[in-house]
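Listed below are the residues making up each chain.
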Amino acid sequence: MASASLQFFAFILALFGVFGDITATLLPNWKVNADLGSNIITAITQMQGLWMDCTWYSTGMFSCTLKYSVLSLPIYIQAARTTMVLSCILSAFGICITTVGMKCTKLGGDTDSKSHACFAGGVCFILAGIFGLVPTSWYTREIISSFLDQTIPESSKHEPGGAVYTGFISAGFLLIAGVIFCTSCFKKQQGAWIYPPKQHHFPSTEQESNAGYNLQDYV
């Protein structure tokens with residue numbers, strides 16, 4: 001019962017991780033303007049994401065420009081696109097697989113099949129968390145290095161946006177959920193290895209009859 005409750009808790013964490021992963025991938029505020037200096041400009045906030053760049057104006061208008069050209073993007077943005085999409089796909093697969101393998105569901109067949117499905121779903125969550133953690137870390141490193149570069153004008157410097165923090169939190173949720181699913185399955189298999197089922201040995205009636213026949217030969 002405790003293991004089933006722990007799996008359900010991990011499933012809830014995975015759901016938050018999946019929704020946060022998708023949200024972080026689509027949000028345009030991976031980095032925002034640092035708002036440094038005393039220059040008065042028309043735009044209030046400038047945001048850059050993986051797929052589009054958006055701008056808030058002082059008049060209340062909001063405009064976005066899609067990034068159509070992939071080859072013209074920096075390498076860290078191309079890598080972030082690829083890894084975040086892979087993270088979303090793996091986490092969605094993990095949700096489907098763990099739904100079958102959880103103990104509180106009636107899907108997946110016998111106990112061994114559900115255990116294997118649960119372990120496979122946990123591996124998907126761990127890989128999704130790693131794929132989500134790598135681009136957010138790399139993107140944050142590029143923002144910080146650009147912010148500390150003295151040759152870049154202060155008006156062109158940016159800070160990490162809400163999408164980066166959402167990506168970090170979602171990756172953490174997915175990693176925790178994956179570890180819980182894998183360890184719950186591993187503990188069960190380890191218990192079966194340590195305490196194997198006892199084998200009952202019954203005497204063979206054929207051997208008893210043969211022994212009786214041999215004794216009769218000596219009479």
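Residues numbered from 1 in each chain as written. Predicted model: local features only at pLDDT ≥ 70, side-chain atom pairs only at ≥ 80, totals over all residues. Heavy atoms only, no water.

Visitor: Residue-level account of the overall build of the protein, with values.
Guide: Looking only at helices and strands, the protein features 5 helices and 5 strands. Counting from the amino terminus, the protein carries its helices and strands in the arrangement α-β-β-β-β-α-α-β-α-α. Residues classed as buried in the protein amount to 34% of the 219 residues present. Sequence-distant contacts in the protein: of pairs separated by 6 or more residues, those separated by 24 or more amount to 66%. (Helix = DSSP H or I, 4+ residues; strand = E, 2+ residues; numbered from the N terminus. Buried < 20%, exposed > 50% of the residue type's maximum accessible area, 1.4 Å probe, protein only. Contact = heavy atoms within 4.5 Å.)

Visitor: Residues and numbers for the pairing of strand E3 (residues 52-57), please.
Guide: Looking at chain direction, E3 and strand E4 (residues 62-66) are connected through 5 bridges and run antiparallel. Looking at the pairing, Cys 54 lines up with Cys 64 of E4. The hairpin formed by E3 and E4 contains 4 residues between the paired strands, and Gly 60 there has a positive phi angle of roughly 95°. (Pairing = 2+ DSSP bridges.)

Visitor: Lay out the pattern of salt bridges with the relevant residues and their values.
Guide: Going through the model one piece at a time under the given rule, you end up with 2 salt bridges. Put simply, Lys 67 and Asp 53 hold a salt bridge, and the shortest N to O gap is 3.2 Å. With Lys 67 in the loop between E4 and helix H2 (75-101) and Asp 53 in strand E3, this pair connects stretches of sequence that are 14 residues apart. Its relative accessible area of 28% is what places Asp 53 among the partly exposed residues. We note a salt bridge from Glu 142 to Arg 141, for which the minimum N-O separation is 3.5 Å. Judged by its relative accessible area of 24%, Glu 142 falls in the partly exposed class. (Salt bridge = Lys/Arg side-chain N within 4 Å of Asp/Glu carboxyl O.)

Visitor: Which residues make up the nonpolar core, and what values go with them?
Guide: In summary, soluble globular proteins display a tendency toward joint burial of nonpolar side chains. Counting 15 residues, the largest nonpolar core has Ile 95, Phe 125, Ala 177 and Phe 181 as the members making the most contacts within it. Within the residue set of this core, elements represented by two or more residues are helix H1 (2-26), H2, helix H3 (111-148) and helix H4 (162-194). The biggest single contributor to this core is H1, with 5 residues. Discounting residues that sit within four places of it in the chain, Ile 95 has contacts with Phe 11, Ala 14, Leu 15, Val 18 and Phe 125. In terms of nonpolar packing, the next biggest core, distinct from the first, is built from 12 residues, Leu 50, Met 84, Tyr 139 and Val 164 among them. (Core = buried A, V, L, I, M, F, W, Y, C linked by side-chain atoms within 4.5 Å.)

Visitor: Just give me the short version of the side chain of Ser 184, but keep the residues and values in it.
Guide: Structurally, Ser 184 can be placed in helix H4. At a separation of 3.4 Å, a polar atom in the side chain of Ser 184 contacts the side chain of Gln 7. Ignoring any residue separated from it by four or fewer positions in sequence, one finds Ser 184 in contact with Ser 3, Gln 7 and Cys 118. (Polar contact = N/O pair within 3.5 Å; in protein donor to acceptor, adjacent residues only side chain to side chain.)

Visitor: Describe the packing of aromatic side chains, and please don't skip the residues or the numbers.
Guide: Inspection of every chain in the model, using the stated rule, returns 5 aromatic pairs. Ring geometry for Phe 16 and Phe 173: centres 6.5 Å apart, planes at 55°, overall tilted. Linking Phe 16 in helix H1 with Phe 173 in helix H4, this pair joins segments that are 157 residues apart in sequence. Overall, the relative accessible area of 52% leaves Phe 16 in the exposed class. Looking at Phe 173, the relative accessible area reads 29%, which means it is partly exposed. Here the aromatic residues Trp 30, Tyr 76 and Tyr 139 are joined through ring pairs into a cluster of three or more. One residue, Lys 157, lies across the ring of Phe 147, its end atom 5.6 Å from the ring centre. (Phe/Tyr/Trp six-rings, centres within 6.5 Å; stacked < 30°, edge-to-face > 60°. Lys NZ or Arg CZ within 6 Å of the ring centre and 35° of its normal.)

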